[in-house]
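Given next are the chains, with one letter for each unit.
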Amino acid sequence: MAQADIQNLGAFVWSVAEILRGDFKQSEYGKVILPFVVLRRLDCILEDSKDAVLEAAKSLPEGVDDATRDMIMFGAVGGNVKVYNLSAFTFTKLKGQDPRQLHQNMVDYITKFSGNVRDIFLDKFLFTDQLKRLKDGGILWNVFERFAEIDLHPSKISNLEMGYLFEELIRRFSEISNETAGEHFTPREVIRLIVDLLIANDDAKLTGRGIIRQVYDPACGTGGMLALTEEALKEFNPSIRVELFGQELNPESFAICKSDMLVTGHDPEQIAFGNTLTQDAHKGKKFHYMLSNPPYGVDWKKYQDPIKEEAETMGFDGRFGAGTPRISDGQLLFLQHMISKMREDETGSRIGIVMNGSPLFTGGAGSGESEIRRWMLENDWVEAIVALPTDLFYNTGIQTYVWLLTNRKPAARKGKVQLIDASGERFWKSMRKSLGSKRREITDEAREEIVRIYAGFLNGEGDEGEVSRIFDIADFGYREVRVERPLKLNFQVSAERLARLADQKPYARQDKADQTAIEAALQTIEGQLFTNRSAFEKVLNKALKATGLKIGAPIKKAILSALSERDDEADICTDKDGKPEADSDLRDHELVPLSEDWRDYLEREVLPFVPDAWVDESHTDSTDKKVGRVGYEINFNRYFYQYVPPRPLDEIDAELKALESQIAGLLKEVAA
C-alpha cells in the first residue's frame, strides 16, 4: 500500500474525531481511536479462526492451567498468532445485534481476549472506561460502525503498513497537542471582560443586604466563568449570596467543576452532566446572570432529532421557537436556550456570550440564523455587541464577539444596539510567549476602557466614535424583494436547434416514426426567424397539424424550448392574461433597508438601469405578509471599515529598486 493510501486510510480513521468532537477533548481522541484500531485489526486477524477457537474451547479439559489453555487456543488460531478471543462476537456479529446492547456486548468481547491482550485494553488503554463514555454520549454505535467499515485484515494491510498507519495517527495527535488547552478553557481576561460588562450598570440592583443572584453557564467546562462571576459580584458587594448553576458535556471538565463546587461550599448538584441542548438539566429555572463560551462551528447533526422536534412541536413554548441554524454550527442554539431562561420579574436577566462571526451575518432572509436574529432584535433584547481582538484563544485565532442581551433595557437603550469595535491595537498587547493559538491578551487598562465605552453608551466623534456606534434596530434589517425582468425569445428551426430538440426527454420518448413526422413538419418552416412567440406558435401549430399527429403539451413545450433563444431585441413573451412572463435567468434579489419603501428603492436603484424590471409582489414575508422577505444581519466591517489609501507609486517604485540593488549585491557575494 502506497504512503498516500496509508494517509487516506489514516484520514478515514481520523474522521471518527468528528463524531467525538464535543463529547471528548482533542487530547483524548487517541484514547478512543488507537484502541479501536488495534481492536479492529485483531478482529480481522481472528475472524477466520473464530469457529475453530470456540470449538477448541468446548473440548478443554476441566481445571486446565492458563499456559496449557493458551497453547491449545493459539494452535486453534493457527500461524504465528499468539492471541485468541473466546467471545462469540466479532465486529460483523456485533453489527447484527441490537444497538442498545452494543456496550454490554463489546465489554464481553474485550474481556474474553487472551490475558496478554486483555491487559492491554483494560489496564493500559482503560478502554472499558472510554466505551462507557461513548455509550453515555449516545455515540458508541456511530464510532463502532465507522471502524467496522475498515478492513484491516493482513491480506489487505501488512504489519509494516499497520506501523505506518499508527505513525500517521500519532502524527495527527501530535499536531493538535498544543491546542487542547483552549478547547474547554476561556482566557481569564476574556471572562473578566464579559463579567464586568454584565454588571457594569447594575449598581443599584446589587447594593444592600439580602441580595441573591443566580448565575448560569450552559457550557460551563471547569467552571471558570461561574467562579469569576461570583468573585466580581462579591468584590462589589461582600454580603451578596451567589448561587452557581451549570451544565457540561465533557466528563472530565464536569468532574473538575463539580469538585470545585464541593470545596467552595456551593451545591454540587446544581452542576449537571449532559448535553444542554438535548437534556436541559435546569428545566424551568430562571437566572439573573447567564454567560457562556459555547463551541464554535460544532456540528449538531447527531443531536438534531430532539432539537428539531422541540422546535417544531413546542414552538415558542420551547427553547427553539425562533428557528434552528444550519446543522454545522450550534452557537445560536445555546443563545436561544439562554434567552429561554431569562427572568420575567422587575430585575430581569442579563446574558453575556462569546461567539465567532457566524451568528452575526450567516444566512439570508428567511434562513434559521436570520430569523433568530430577527426574533432577538425585534424583541429588543440585544443591548450591545463587542468585537474582540484576534488570537485571544488557545485553540483558535479567529475573530470573536461578545453579545450582551437583557430583557430589562434602560430607557435610553430601548430600540437601540451599541456596537463596539475593540479589535484594534489599543485594546491588546502581544504575549511574550504564545500558548497554542493565543498570541495576544487584553490588558486591564483596555478592559476598563471597553467597559467605560459600553457603560457610557458612547456614540460621539473622536476616539469613542471610531470604536463605538449606536444604531436603531431597523438599521440591521432589510427586505429581500424579488426583481423580475421580462422573457424575450426568438424562434427558429435550424440544424443546431433541432439537435437540441433531440436531447429533450419528452421528445426522446416519442416513437421514431412520430419524431420523423415532427421533424419533417418543422423543416417546412426552417430558416425563418421569429421574434414574437405568438406568431411562431401559430405557424408551428399549422405545420404540426398538417402531419395529422396529436401533439401533447409536454412535446410542444419541448419544441418551443429547443427552438428558442434569448434575444433582447425580441418581443416580450406574455401569459394568457397578457401579462409579461418573467425570465428566471434574469431574476435578481434586492436588499431594501427596512426603513425605506421598496417602491422608492426600485425607482432609484433599479429602474434607471433596467426600465422593464418589476417586483414580484407574491414574494412576501411569512410573518408580516408584506412584499419581500425580512432579514437581519450585523456587519461590523461595513460600520467600522476605514479606508487606507495605497502608497504613492513613486514610493513603491523606489522600494523595489532598493530591493533589486540588495538582491544584486547578494548574488555577487554568492558568485564570488
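To be clear, the structure that these remarks concern was listed above.
The model shown is predicted, which means the values in this text are computed figures rather than measured ones.

J.: Would you explain the overall build of the protein chain in this entry?
T.: In terms of helices and strands, the protein chain carries 29 helices and 17 strands. Computed over the C-alpha atoms, the radius of gyration of the protein chain is 34 Å, more than 25% above the 26 Å expected from 2.2 N^0.38 for a compact globule of 672 residues. Principal-axis analysis of the C-alpha atoms places the extent of the protein chain at approximately 100 × 80 × 80 Å. In the protein chain, buried positions account for 47% of the 672 residues.

J.: I would appreciate a short explanation of the packing of helix α3 (residues 29-46) against helix α10 (residues 140-148) in the present structure.
T.: To describe two helices that pack against each other, one gives the angle between their axes and the distance between the axes. Closest axis-to-axis distance for the α3/α10 pair is 10 Å, and the angle between their directions is 45 degrees. As the angle between them shows, α3 and α10 are arranged oblique. Every pair of crossing elements has a handedness; the one defined by α3 and α10 is right-handed. Residues Val32, Ile33, Phe36, Val37 and Arg40 of α3 lie in contact with α10, whose contacting residues are Val143, Phe144, Phe147 and Ala148. Looking at the contact of α3 with α10 residue by residue, the classes come out as eight nonpolar, no polar and one charged.

J.: Where do I start with helix α12 (residues 188-199) in this structure?
T.: Think of an α-helix as 3.6 residues a turn; residues three or four steps apart then line up on the same face. Taking 1.5 Å per residue, 12 residues should reach 16 Å; α12 reaches 17 Å between its end C-alpha atoms and fits that length. By the burial criterion, the buried members of α12 are Glu189, Val190, Ile191, Leu193, Ile194, Val195, Leu197, Leu198 and Ile199.

J.: How should the sheet that holds strand β3 (residues 271-273) be read in this particular structure?
T.: Sheet strands pair by backbone hydrogen bonding; their relative direction is either parallel or antiparallel. Strand order in this open sheet of nine strands is β3-β2-β1-β4-β5-β7-β6-β8-β11, and the pairing throughout is mixed. What marks the edges here is a single partner per strand, and that holds for β3 and β11 (468-472). Going from strand to strand, the sheet's axes swing by 15 degrees on average, the running direction of each strand aside. With six bridges joining them, strand β1 (residues 212-217) and strand β2 (residues 241-248) adopt parallel strand pairing. Within the sheet, the bridge partner assigned to Gln214 lies in β2 and is Glu243. Sheet strands touched by helix α14 (residues 224-236): β1, β2, β3 and β4 (289-292). Its angle to β1, the strand with the most contacts, is close to 155 degrees.

J.: Sorry if this is basic, but what is going on with the environment of Phe471 here?
T.: Relative to the assigned elements, Phe471 resides in strand β11. Beyond its immediate sequence surroundings of up to four residues, Phe471 is in contact with Gly415, Lys416, Val417, Leu419, Phe476 and Tyr639.

J.: Would you take a moment to explain the side chain of Lys50 for this structure?
T.: As for its placement among the helices and strands, Lys50 is situated in helix α4 (residues 50-58). Buried Lys50, no salt bridge; nearest opposite-charge side chain is Asp43, N-O distance 6.5 Å. Within the local environment of Lys50, its side chain forms a polar contact with the backbone oxygen of Ser87, the two atoms lying 2.8 Å apart. Sequence-distant contacts of Lys50, that is, excluding residues within four places in its chain, are made with Asn85, Ser87, Phe89, Thr90 and Tyr109.

J.: When you look at the packing of aromatic side chains in this model, what are you seeing that I'm missing?
T.: The geometry of an aromatic ring pair is captured by the separation of the ring centres together with the interplanar angle, meaning the angle of the planes. Scanning all chains against the criterion turns up 22 aromatic pairs. Ring plane angle 50 degrees and centroid distance 5.7 Å describe the contact between Trp141 and Phe144, whose orientation is recorded as tilted. Taken together, the residues Trp141 and Phe144, both in helix α10 and three residues apart, mark about one turn of the helix. Taking relative accessible area as the criterion, Trp141 reaches 22% and is therefore assigned partly exposed. Using a relative accessible area of 0% as the deciding quantity, one classes Phe144 as buried. With centroids separated by 4.5 Å and ring planes inclined at 10 degrees, the aromatic side chains of Tyr216 and Phe287 adopt a geometry described as stacked. Of this pair, Tyr216 sits in strand β1 while Phe287 sits in the loop between β3 and β4, placing them 71 residues apart in sequence.

J.: It is not clear to me how unusual backbone geometry should be interpreted in this structure. Could you clarify?
T.: Notably, Asp391 is not glycine yet its phi reads approximately 60 degrees, a positive angle. Within the secondary structure layout, Asp391 lies in the loop between β6 (382-387) and β7 (400-406). Located in the positive-phi region is Phe457, a residue other than glycine, with phi close to 50 degrees. Turning to its location among the elements, Phe457 is positioned in the loop between α20 (444-455) and α21 (462-467).

J.: How should the nonpolar core be read in this particular structure?
T.: Note that soluble globular proteins tend to have their nonpolar side chains buried in a common cluster. Counting residues in hydrophobic clusters, the biggest one holds 48 residues, and the most contacted among them are Leu20, Phe36, Leu134 and Phe147. By residue number, the principal contributor to this core is α3, which donates nine residues. The residues contacting Phe147, other than those within four sequence positions of it, are Val13, Val16, Ile33, Phe36, Val37, Arg40 and Phe91. If you look at the next biggest cluster of nonpolar residues, it comprises 43 residues, including Ile194, Ile199, Ala232 and Ile271.

J.: What's the story with helix α17 (residues 331-339) in this structure? I'm lost.
T.: In terms of residue burial, α17 counts as a mostly covered element, since nine of its nine residues are buried. Residues Gln331, Leu332, Leu333, Phe334, Leu335, Gln336, His337, Met338 and Ile339 constitute the buried set of α17.

J.: Sorry, what's going on with the pattern of salt bridges here?
T.: Two side chains of opposite charge can pair, provided their charged atoms sit close to one another. In this structure the tally under the stated criterion is 44 salt bridges. Asp280 is the salt-bridge partner of Lys341, the closest N and O atoms lying 2.9 Å from each other. With Lys341 in the loop between α17 and β5 (350-356) and Asp280 in the loop between β3 and β4, the pair connects residues that are 61 residues apart, well separated along the chain. Using a relative accessible area of 2% as the deciding quantity, one classes Lys341 as buried. The salt bridge partner of Glu441 is Lys429, with a shortest N-O separation of 3.7 Å. Remark: Lys429 occurs in strand β9 (residues 429-435) and Glu441 occurs in strand β10 (residues 438-441); sequence separation between them is 12 residues. Using a relative accessible area of 26% as the deciding quantity, one classes Glu441 as partly exposed. Members of the salt-bridge network, linked through shared partners, are Glu371, Arg374, Glu378 and Asp621.

J.: Explain the environment of Tyr296 here, please?
T.: Inspection of the secondary structure puts Tyr296 in the loop between β4 and α16 (304-314). Looking at Tyr296, the relative accessible area reads 14%, which means it is buried. Each C-alpha atom of the pair Tyr296 and Leu206 lies 32 Å from the other, and the pair is 90 residues apart in sequence. Separated by 2.8 Å, the side chains of Tyr296 and Asn293 make a polar contact.

J.: Please clarify how the pairing of β1 should be interpreted in this entry.
T.: It is a general feature of regular strands that their side chains alternate between the two faces of the sheet. β1 sits mainly inside the fold: five of its six residues count as buried. Following the backbone out of β1, through α14 and into the adjacent parallel β2, one traces a crossover that is right-handed.

J.: Could you clarify how one ought to interpret the packing of α17 against helix α19 (residues 368-378) in this entry?
T.: Contact pair α17 / α19: the axes reach a minimum separation of 11 Å and the direction vectors enclose 30 degrees. By the angle between their axes, α17 is roughly parallel relative to α19. You can see that α17 and α19 cross each other, and the crossing is left-handed. Taking contact as the criterion, the partners of Leu332, Leu335, Gln336 and Ile339 in α17 are, on α19, Glu369, Ile372, Trp375 and Met376. In terms of residue class, the contact of α17 with α19 is made up of six nonpolar, one polar and one charged.

Parameters and conventions
Position labels on residues start from 1 in each chain and follow its written sequence. Two thresholds apply to this predicted model, a pLDDT of at least 70 for residue-level local features and 80 or more for giving and counting side-chain atom pairs, whereas whole-chain, interface and lining totals are computed over all residues. Only hydrogens and water are set aside; all other atoms, that is, all heavy atoms of the structure, feed into the side-chain values. Secondary structure follows DSSP: runs of H or I at least 4 residues long count as helices, runs of E at least 2 residues long count as strands, and numbering of each begins at the N terminus. Each radius of gyration is computed over the set of C-alpha atoms, and the globule rule expresses the reference value as 2.2 Å times the number of residues to the power 0.38. A 1.4 Å probe rolled over the protein chains alone gives each residue an accessible area, and that area as a share of the maximum for its type sets the label: buried under 20%, exposed over 50%, partly exposed in between. Every angle, taken between N-to-C directions, lies between 0 and 180 degrees, and every axis is a line fitted to C-alpha atoms, over only the stretch in contact when it is a helix. Each angle receives one of four descriptions, namely roughly parallel if under 35 degrees, roughly antiparallel if over 145, roughly perpendicular if within 65 to 115, and oblique otherwise. It is the rotation of the near helix from the far one that decides the hand of a crossing: anticlockwise by less than a right angle makes it left-handed, clockwise makes it right-handed. By definition, residues are in contact when any of their heavy atoms lie within 4.5 Å. All residues other than Ala, Val, Leu, Ile, Met, Phe, Trp, Tyr, Cys, Pro, Asp, Glu, Lys and Arg, Gly among them, are scored as polar; the first ten of these are nonpolar and the last four charged. One fewer than the residue count of a helix, multiplied by 1.5 Å, yields its expected span. DSSP bridges decide pairing: two strands pair if at least two such bridges lie between them. All tallies of charge rest on Lys and Arg as positive and Asp and Glu as negative; His and the ends of each chain are not included. Any Lys or Arg side-chain nitrogen located within 4 Å of an Asp or Glu carboxyl oxygen qualifies as a salt bridge. Polar contacts, as counted here, are pairs of nitrogen or oxygen atoms within 3.5 Å of one another; within protein the pair requires one atom able to donate a hydrogen and one able to accept it, and residues that are adjacent in sequence qualify only if both atoms are side-chain atoms. Pairing of aromatic side chains requires ring centres within 6.5 Å, counting the rings of Phe and Tyr and the six-membered ring of Trp. Pairs whose planes differ by under 30 degrees are stacked, by over 60 edge-to-face, and all others tilted. The definition of a nonpolar core used throughout is a set of buried Ala, Val, Leu, Ile, Met, Phe, Trp, Tyr and Cys residues joined through side-chain atoms within 4.5 Å. By convention, a crossover is right-handed whenever its connection, traced from the first strand over the helix to the second and viewed with the strands pointing away, goes clockwise.

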